[in-house]
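# Reading the structure
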Amino acid sequence: MSVVELRKPEVRNAPSIEPPVWEDLAARFRPIFARIAEGAVTREIERRLPHEEVNWLREAGFGAVRIPITEGGSGATIAQLFRLLVELGEADSNLVQILRAHFAFVEIRLNDDEQPEVRRTWFERIVAGALVGAAMAERTSATETTLELVREDDHYRLNGRKYYCTGTLYADWVSAAARDGEARVSVLVPTDAEGVTRIDDWDGFGQRLTGSGSTVFDNVRVEEAQILRRFNPGEFRADSYITAFYQQFHLSALTGIARAVKRDAIAFVQAKTRTFGVPGNSDPRNDPLVQRVVGKIASHVFAAEAIVDSVSAALDAAYASYLAGAPDDDLFLEADRRAYQGQQVLVHSVPEIAALLFEVGGSSATQESRRLDRHWRNARTLGSHNPAILREKVLGDHFLNGTDFRKQWAEQWNPAKPEDSDAEATPETTAVGAA
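Reading the values: the criteria
Residues numbered from 1 in each chain as written. Predicted model: local features only at pLDDT ≥ 70, side-chain atom pairs only at ≥ 80, totals over all residues. Heavy atoms only, no water. Helix = DSSP H or I, 4+ residues; strand = E, 2+ residues; numbered from the N terminus. Buried < 20%, exposed > 50% of the residue type's maximum accessible area, 1.4 Å probe, protein only. Contact = heavy atoms within 4.5 Å. Areas by Shrake-Rupley, 256 points an atom, 1.4 Å probe, with all protein chains shown as cover. Polar contact = N/O pair within 3.5 Å; in protein donor to acceptor, adjacent residues only side chain to side chain. 1 Å grid on protein atoms, 1.4 Å probe; cavity = no way out; pocket = protein on both sides within 12 Å on 5 of 7 lines; lining within 4 Å. Points joined across faces, edges and corners; volume = space filled by probe spheres on them. Nonpolar A, V, L, I, M, F, W, Y, C, P; charged D, E, K, R; others polar. Salt bridge = Lys/Arg side-chain N within 4 Å of Asp/Glu carboxyl O.

## Some details on the overall build of the chain
Counting its secondary structure elements, the chain contains 14 helices and 8 strands. Counting only residues that meet the buried cut, the chain has 56% of its 435 residues in that class. Taking as baseline every contact in the chain between residues at least 6 positions apart, the subset at least 24 positions apart corresponds to 79%. Working note: accessible area of the chain is about 18900 Å², and carbon and sulfur atoms make up 51% of it.

Now the structure itself:
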C-alpha cells in the first residue's frame with residue numbers, strides 16, 4: 001500500500017492572510033511554557049491542579065491559536081499548533097491533555113460550513129478567553145449514552161453523569177453527548193450553570209492533574225440554542241480527519257514527555273561528580289556508557305518529533321482539501337494511517353526511554369523531590385488511553401489485504417440495523433471514543 005501524496009489543492013475559502021511566522025508565534029508562548037515547567041514537580045508532589053497555569057495560557061490567547069486571524073485568532077496551521085503542544089508537553093504533559101477537547105471543538109467548527117452563525121458565536125467566545133471541555137464517556141456496562149435531555153415547556157432539562165471529562169474542571173463550557181428520546185444530541189452547557197457539578201475523582205497513576213473525573217448534570221436547564229447538533233441512531237459522522245486530530249494530541253504529549261526525559265537526563269548527568277564504584281570525584285558526562293544512554297534517549301526524541309511532524313503534514317493536507325471544497329477521503333485515510341502507525345511506536349518507545357533515564361542517575365534519581373518517575377507514569381497512562389493492539393491488527397489487515405479500516409470503524413458505529421445500536425454518532429463523540 002503506497003503512501004498517499006500529500007497534495008496541496010487550490011484553496012476555496014481559506015483566509016487571505018498568511019499563517020504566522022513560526023518563531024514569532026512560538027516566542028509569544030515560550031515564556032509561559034517556561035513558567036509552567038518551573039512548577040511542574042511541585043504541582044506533581046502536592047497534586048495541585050494547574051488552574052493558574054491554564055489561566056496563563058487562556059489570557060495569552062492560546063485557546064484561539066487555530067482560529068483564523070480574520071476572526072480574531074492567531075491563524076496557526078495544524079502543524080504549528082502541534083509543535084506548540086509538543087513544547088507545552090515538555091513543560092507539563094497534563095496541560096496538553098487538558099486542552100485536547102477544546103482544540104478538537106475549535107477544529108470541528110473550522111470544518112463546519114453548515115452553521116456559520118454557530119461558528120461565529122463560539123469563535124467570539126473563545127477569542128475572549130472561553131475554554132471548552134467534554135463530557136462524553138460513561139461508566140456503564142456497555143458503550144452507551146444515558147445522559148438524558150428532556151423537553152420542558154420552551155426549554156430542556158439535562159440529567160445524568162459522565163466520566164473521563166478531561167479538561168472540564170478548567171473549562172467555561174462543557175460539550176456533552178446526550179439522548180433526546182431516540183435522537184442523539186451534542187449539547188453545550190456552562191460549567192457554572194445551576195445543577196452542574198465537576199468532581200476531581202480521577203485516580204490514575206499518571207496524568208494526575210488533567211481533571212479527567214466526573215461531571216454530574218442535575219436537572220440543568222438547557223436552551224434550544226445550546227443544542228449544537230442532532231443525529232439519529234446509527235447515523236455516522238461524515239469522513240474527516242478529526243479522529244487523527246484527536247490522536248495527535250496523545251502523540252504530541254508523548255513527544256513532549258520524551259523531550260522532558262532528554263532534558264532531565266542531560267541536566268542530571270551534567271551536575272553529577274561521582275559514579276558508583278569509582279573513588280573520589282568523577283566525571284559521568286565523559287563516561288562512554290552514560291553517553292550511550294543519553295544518545296539513545298536523544299535518538300528516540302528525534303524519531304518522536306519526526307512522527308508528530310509527519311502526522312501534522314497529513315492533517316494540514318486533509319484540512320486544505322476541505323478548504324478547497326473537495327474533501328479527500330484518501331487524505332483522511334492517510335492522516336489516520338500515519339497517526340495509528342505513530343501510536344504503535346510512541347506508546348512503547350517513550351515509556352522505554354523514561355525508564356532508561358534512571359540508568360544515568362543511580363539511586364539519587366529516585367528521590368521524591370525530583371519526581372522523575374512522573375515521566376514514565378504519564379507516558380504509560382497516555383498509552384493506555386488508546387486501543388493500540390486493535391489498531392496494530394487493523395493496520396496489518398490494511399497493508400496485507402487492502403482493508404479500509406476507516407470503513408470497518410464506520411460499520412461498527414453504523415450497523416445494518418441501527419435500531420439495535422446505542423452508539424453515539426456525533427463528530428465530537430465518535431472521535432473521542434476512537435482516540
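Here the narrative resumes, following the displayed structure.
## Notes on the side chain of arginine 58
Mapping arginine 58 onto the fold places it in helix H3 (residues 51-59). Of note is the side chain of arginine 58, whose polar atom sits 3.0 Å from the backbone oxygen of glycine 129. Among the polar contacts made by the side chain of arginine 58, one reaches the side chain of aspartate 172 at a distance of 2.5 Å. Discounting residues that sit within four places of it in the chain, arginine 58 has contacts with Gly129, Ala130, Leu131, Tyr170 and Asp172.

## Comments concerning the environment of threonine 381
Inspection of the secondary structure puts threonine 381 in helix H11 (residues 373-384). Between the alpha carbons of threonine 381 and arginine 208 there is a distance of 9.4 Å; along the sequence they are 173 residues apart. What threonine 381 contacts, discounting residues up to four positions off in sequence, is Trp202, Phe205, Gly206 and Gln207. Reaching out from threonine 381, the side chain makes a polar contact with the backbone nitrogen of glycine 206 at a distance of 3.2 Å.

## Some words on unusual backbone geometry
It is generally the case that most residues other than glycine have a negative phi and that most peptide bonds are trans. Of note, the phi angle at tyrosine 164 is positive, near 55°, even though the residue is not glycine. Mapping tyrosine 164 onto the fold places it in the loop between strand E3 (155-162) and strand E4 (173-180). One non-glycine residue, arginine 371, lies in the positive phi region at around 50°. Looking at the secondary structure, you find arginine 371 in the loop between helix H10 (329-356) and H11.

## Focus on empty space enclosed by the protein
Scanning all chains against the criterion turns up 3 cavities of 30 Å³ or more. One number sums up the size of the largest cavity: a volume of about 110 Å³. Taken together, the elements giving at least two residues each to the lining of the largest cavity come down to helix H2 (40-46), helix H4 (78-91), helix H5 (93-98), helix H8 (242-271) and H11. Split by residue class, the lining of the largest cavity holds 5 nonpolar, 5 polar and 4 charged.

## Comments concerning the pattern of salt bridges
One pass over the structure, following the stated rule, counts 26 salt bridges. For arginine 157, the salt bridge goes to glutamate 152, with nearest N and O atoms at 3.1 Å. Using a relative accessible area of 32% as the deciding quantity, one classes glutamate 152 as partly exposed. In this structure, the salt-bridge partner of glutamate 223 is arginine 221, at a minimum N-O distance of 2.6 Å.

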